[in-house]
Amino acid sequence: LPPLKGNSIQKVYNVIDKLKEFDPKYINITSHHSEFVYKTLPDGSFQKVNIRKRPGSVAIASAIQNKYGIPAVPHIICKGFTKDETEYALIDLNFLGVNNLLILRGDIKTLEASQQNPELYHDHATDLQQQVNHFNEGIALDGSKIDGIETPFSYGMACYPEKHEEADIHYLKEKVKNGAEYLVTQMFFDNEKYYAFVDRCRAEGITVPIIPGIKPIVFKNQLTVLPKIFRADIPEPFATELRKCKDDAEAKEV
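Per chain, residues are indexed from 1 in the order of the written sequence. With the structure being a predicted model, the display of local features is reserved for residues of pLDDT at least 70 and the display and counting of side-chain atom pairs for 80 or more, all residues being used for whole-chain, interface and lining totals. Computation of side-chain values: all heavy atoms of the structure, hydrogens and water removed.

Engineer: Help me understand the overall build of the protein in this model?
Structural biologist: Numbering of helices and strands runs from the N terminus; a helix is a DSSP stretch of H or I covering at least four residues, while a strand is a stretch of E covering at least two. Each helix and strand counted, the protein has nine helices and eight strands in total. Residue contacts are counted whenever heavy atoms from the two residues lie within 4.5 Å of one another. Look at the contacts in the protein between residues 6 or more apart in sequence, and 73% of them connect residues 24 or more apart.

Engineer: When you look at the pairing of strand E7 (residues 182-187) in this model, what are you seeing that I'm missing?
Structural biologist: In the case of a regular strand, side chains alternate between the two sheet surfaces. The classification of residues rests on relative accessible area computed with a 1.4 Å probe and restricted to protein chains. Under 20% of the type maximum is buried, over 50% is exposed, and intermediate values are partly exposed. Burial of E7 is extensive: five of the six residues sit out of reach of the surface. Here strand E6 (residues 154-159) runs beside E7; their pairing, made up of four bridges, is parallel. By the bridge assignment, cysteine 159 is partnered in E7 with threonine 185. In this scheme, strands are said to pair when DSSP sees at least two bridges between them. As paired elements, E7 and strand E8 (residues 210-213) share three bridges and run parallel to each other. Paired with valine 184 across the bridge in E8 is isoleucine 211.

Engineer: Is there a simple way to think about the side chain of threonine 185 in this case?
Structural biologist: Note that threonine 185 resides in strand E7. Exposure remark for threonine 185: the relative accessible area of 5% places this residue in the buried category. Discounting residues that sit within four places of it in the chain, threonine 185 has contacts with Cys159, Pro161, Tyr194, Ile210, Ile211, Pro212 and Gly213.

Engineer: Sorry if this is basic, but what is going on with the pattern of salt bridges here?
Structural biologist: Within this document, salt bridges are pairs made up of a side-chain nitrogen of Lys or Arg and a carboxyl oxygen of Asp or Glu, the two lying within 4 Å of each other. Summed over all chains, the structure comprises nine salt bridges. Residue lysine 173 is joined to glutamate 204 by a salt bridge in which the shortest nitrogen-to-oxygen separation is 3.2 Å. Taken as a pair, lysine 173 in helix H5 (residues 169-177) and glutamate 204 in the loop between helix H6 (191-203) and E8 lie far apart in primary sequence, 31 residues in all. Among the residues examined, glutamate 204 registers a relative accessible area of 38% and is labelled partly exposed. A single salt-bridge network, built from bridges that share partners, covers Glu162, Lys193 and Asp233.

Engineer: When you look at the sheet that holds E8 in this model, what are you seeing that I'm missing?
Structural biologist: Through backbone hydrogen bonds, the strands of a sheet pair up, either in parallel or in antiparallel fashion. With respect to topology, six strands assemble into an open sheet ordered E1-E4-E5-E6-E7-E8, the strand pairing being parallel. Of all the strands in the sheet, the pair left with one neighbour each is strand E1 (27-29) and E8. Direction aside, the axes of adjacent strands within the sheet are offset by 30 degrees on average. Fitted lines through C-alpha atoms give the axes, limited to the stretch in contact for helices. The angle between two N-to-C directions lies from 0 to 180 degrees.

Engineer: Quick question: what am I supposed to make of the packing of helix H1 (residues 10-19) against helix H2 (residues 57-68) here?
Structural biologist: Geometrically, a packed helix pair is captured by the angle between its two axes and the distance between the axes. Their axes nearest at 12 Å, the elements H1 and H2 cross at an angle of 45 degrees. When the axis of H1 is compared with that of H2, the two are oblique. Note that H1 runs across H2; the crossing there is right-handed. Two secondary-structure elements touch here, H1 through Val12, Tyr13, Ile16 and Asp17 and H2 through Ala63, Ile64, Lys67 and Tyr68. Under the convention adopted here, Pro, Cys and the residues Ala, Val, Leu, Ile, Met, Phe, Trp and Tyr are nonpolar, Asp, Glu, Lys and Arg are charged, and Gly plus all remaining residues are polar. In terms of residue class, the contact of H1 with H2 is made up of six nonpolar, no polar and two charged. Reported orientations rely on four angle classes, namely roughly parallel under 35 degrees, roughly antiparallel over 145, roughly perpendicular from 65 to 115, and oblique for the rest. We call a crossing left-handed when the near helix sits turned anticlockwise from the far one by less than a right angle, and right-handed when that turn is clockwise.

Engineer: I keep staring at the side chain of histidine 122 and nothing clicks. Help me out?
Structural biologist: Relative to the elements of secondary structure, histidine 122 occurs in the loop between strand E5 (100-104) and helix H4 (125-136). A distance of 2.6 Å separates the side chain of histidine 122 from the side chain of glutamine 131, its partner in a polar contact. Those residues in contact with histidine 122 that sit more than four places away from it in its chain are Cys78, Lys79, Lys83, Asp127, Leu128 and Gln131. As used in this structure description, the phrase polar contact means that two N or O atoms lie within 3.5 Å; if the pair is within protein, one of them must be able to donate a hydrogen and the other to accept it, and residues adjacent in sequence are counted only when both atoms belong to side chains.

Engineer: It is not clear to me how the nonpolar core should be interpreted in this structure. Could you clarify?
Structural biologist: When a protein is soluble and globular, its nonpolar side chains tend to lie buried together. Here, the term nonpolar core denotes a set of buried Ala, Val, Leu, Ile, Met, Phe, Trp, Tyr and Cys residues that are joined through side-chain atoms within 4.5 Å. Counting residues in each nonpolar core, the largest one holds 41 residues, and the members touching the most others are Ile64, Leu101, Ile103, Leu172, Leu183 and Ile210. Other than its neighbours up to four places away in sequence, leucine 101 contacts Val73, Pro74, Ile76, Leu90, Leu93, Val132, Phe153, Ser154, Tyr155, Gly156 and Tyr182. Core analysis: the next-biggest nonpolar cluster, separate from the first, contains 11 residues, Ile217, Leu223, Leu226 and Leu242 among them.

Engineer: Can you help me understand the environment of glycine 138 in this one?
Structural biologist: Among the secondary structure elements, glycine 138 is positioned in the loop between H4 and E6. Glycine 138 sits 10 residues away from glycine 148 along the chain, and the two C-alpha atoms are 8.4 Å apart. Residues within four places of glycine 138 in sequence aside, it is in contact with Ser144, Lys145, Ile146 and Ile149.

Engineer: What's the story with the packing of aromatic side chains in this structure? I'm lost.
Structural biologist: Aromatic ring pairs are reported here in terms of the distance separating the ring centres and the angle at which the planes meet. Each pair of aromatic rings taken from Phe, Tyr and Trp, with Trp reduced to its six-membered ring, is defined by centres within 6.5 Å and is described as stacked if the planes are under 30 degrees apart, edge-to-face if over 60, and tilted in the remaining cases. What the rule picks out here adds up to four aromatic pairs. Plain terms: the ring middles of tyrosine 13 and tyrosine 68 are 5.8 Å apart, the flat faces sit at 70 degrees to each other, and that makes the pair edge-to-face. Here tyrosine 13 is found in helix H1, whereas its partner tyrosine 68 is found in helix H2, with 55 residues between them in sequence. Each member of the pair, tyrosine 13 together with tyrosine 68, is buried. Taken together, the ring pairs in this structure connect Phe188, Tyr194 and Tyr195 into an aromatic cluster. Directly above the aromatic system of tyrosine 13 lies the positively charged group of lysine 67, at a separation of 4.8 Å from the ring centroid. Whether a charge lies above a ring is judged from NZ of Lys or CZ of Arg, which has to be within 6 Å of the ring centre and within 35 degrees of the ring normal.

Here it is, written out as structure tokens:
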């Protein structure tokens, strides 16, 4: 997670230094779009101010990969980033030698209507995938030729073993057919749902790796917060033990 604005990248390095001994094959870097707040002016009117709380994934990914030699995999999201901004990010990443991506739709809850204009923004991760594919072929957004792409991007995309009304096997097959080299699941806590999902994908001819998205619970309130945000069920035996916890330390032990 890129550090909050004002914090040093050393905080990121301190985490990676602890994980390095386990020989990580790659390091994912999440991406957050800017948010708008309304500031009250002296005359009582409001001014819309763009708040960017974290440095961009491009900078963090490049710094990590160059310092540690471990492939960095920045998230490229379509919500909150214009098609033009995405093109500039792809140009910068390619120039810096960061050639692995995770292509995602991104969160739409905090977006304003103006940020969902299909002329400026992609609607779905598959639309963003098409832009990356065109970039790999040396074709810019405006149809002109892009020179100097020595290493095309390889990328993975998301999948959902549990509830997600907009994602099903049909779309997954399209993602893989159009170039996704692996899939990463939304976080889950019930292994059986993951295994059943993988079996279903294999039966449908999806053969790429399906990487399980795992998040250790370290705060007691995650018992209620995570299922609400990510639509992931927490198995009852696990939930029962978490409910007995008096504080976060006990929840982390569970």
